[in-house]
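# Coordinates in review
What follows is the residue order along each chain.
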Amino acid sequence: MRDPYEVLGLNRGASQDEIKQRYRELAKKYHPDKYQNNPLADLAEEKLREINEAYDTLTKGFNSQNSQGSSGYGNAGYNSSAFANIRMALDRNDLREAESLLNSIGERSAEWYFLMGMLFYKKGWFDQAITNIQTAVSMDPNNMEYRNVLNQLVGMGGFKSRAGQAGYGSGDSDCCRMMMCYCCIDSMCDCI
């Protein structure tokens, strides 16, 4: 591995605040969401892994003291590279991989609950998604990403099932209307 200070673009002896700030800047710059459908996506993913490794190396001694703290971006702590990998798996819709990675993490931080909530959301399990994301918000109330996602889920009626959203049982789908017409015609006429 390259020198972690060089990877983050910092001078040796940088303070923990400087390391955190630089990590956040670079993590946002190379986040996979910015590179969707972009030929540079693989390069950005590799760069993000390198940044996560460098950050982990520079902060290992401090994480045991600050394990309950949060960074405001993905709760970057000891598991920051694992969380980045989980986010990438969720972005790829690789739910099995994301779940496996989440289950391998022992520490249940705000980021863990948030990502578990996002996994449940992608599976269509809205009640569990909202419960987990609410836990993340209560653990890290200043994290705007968590709050915004929770507000969106609750605002769209997150407790509805996917079937309810698709119109089944609501009478709004074409298939339901056709079946109602068929039943009406059948009850009026013996020819069907």
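Residues numbered from 1 in each chain as written. Predicted model: local features only at pLDDT ≥ 70, side-chain atom pairs only at ≥ 80, totals over all residues. Heavy atoms only, no water.

## As for the overall build of the protein chain
Across its full length, the protein chain holds 10 helices and zero strands. For the protein chain, the N- to C-terminal ordering of α and β elements is α-α-α-α-α-α-α-α-α-α. Within the protein chain, buried positions represent 36% of all 192 residues. Considering only contacts within the protein chain whose residues lie at least 6 apart along the sequence, 55% involve residues at least 24 apart. For the protein chain, the accessible area works out to roughly 11400 Å², and carbon and sulfur atoms hold 50% of it. (Helix = DSSP H or I, 4+ residues; strand = E, 2+ residues; numbered from the N terminus. Buried < 20%, exposed > 50% of the residue type's maximum accessible area, 1.4 Å probe, protein only. Contact = heavy atoms within 4.5 Å. Areas by Shrake-Rupley, 256 points an atom, 1.4 Å probe, with all protein chains shown as cover.)

## Brief notes about the nonpolar core
Core analysis: the biggest nonpolar cluster contains 24 residues, and Ile86, Leu90, Leu102, Phe114, Leu115 and Ile133 have the highest contact counts within it. Within the residue set of this core, elements represented by two or more residues are helix 4 (80-91), helix 5 (95-103), helix 6 (110-123), helix 7 (126-139) and helix 8 (144-155). Here the element with the most residues in this core is helix 6; it accounts for eight residues. What Leu115 contacts, discounting residues up to four positions off in sequence, is Phe83, Ile86, Arg87, Leu90 and Leu102. One finds Tyr23, Leu26, Tyr30 and Tyr35 within the second-largest nonpolar core, a separate group that totals 19 residues. (Core = buried A, V, L, I, M, F, W, Y, C linked by side-chain atoms within 4.5 Å.)

## Some remarks on the confidence of the model for the protein chain
Across the protein chain, the average pLDDT comes to 75, with 69% of residues at or above 70. When mean pLDDT is taken per element in the protein chain, helix 6 scores highest with 91 and helix 9 (residues 162-166) scores lowest with 43. Confidence drops under pLDDT 50 across residues 61-78; counting only partners more than four residues distant or on other chains, this segment forms 31 contacts. Here residues 158-171 is modelled with pLDDT under 50, and outside its nearest four sequence neighbours on either side it reaches 23 contacts, counting other chains as well. (pLDDT = per-residue confidence, 0-100.)

## Brief notes about unusual backbone geometry
In this model, Asn37 sits at a positive phi of 55°, which is unusual for a non-glycine residue. Within the secondary structure layout, Asn37 lies in the loop between helix 2 (16-29) and helix 3 (41-63). Backbone geometry places Asn93, a non-glycine residue, at a positive phi of 65°. Tracing the backbone shows Asn93 in the loop between helix 4 and helix 5.

## Thoughts on the environment of Ala89
Within the fold, Ala89 resides in helix 4. Overall, Ala89 belongs to the buried group, its relative accessible area being 0%. When the C-alpha positions of Ala89 and Leu101 are compared, they lie 9.2 Å apart, and in sequence the two are 12 residues distant. Contacts of Ala89, omitting those with residues within four sequence positions, involve Asp94, Glu97 and Ala98.

## Quick look at the environment of Val154
By the element assignment, Val154 lies in helix 8. On the accessibility criterion, Val154 (45% relative accessible area) is partly exposed. A sequence separation of 24 residues divides Val154 from Ile130, and the C-alpha atoms of the two residues are 7.7 Å apart.

## Notes on helix 6
Taking 1.5 Å of rise per residue, the 14 residues of helix 6 would be expected to cover 20 Å, and the 20 Å separating its terminal C-alpha atoms lies within 8% of that figure. The element helix 6 is largely enclosed, with a buried count of 10 among its 14 residues. Of all the residues in helix 6, the buried ones are Ala110, Glu111, Trp112, Phe114, Leu115, Met116, Gly117, Met118, Leu119 and Phe120. Count one or two residues on from helix 6 and you reach Gly124, which has phi positive near 90°. (Expected span 1.5 Å × (residues − 1).)

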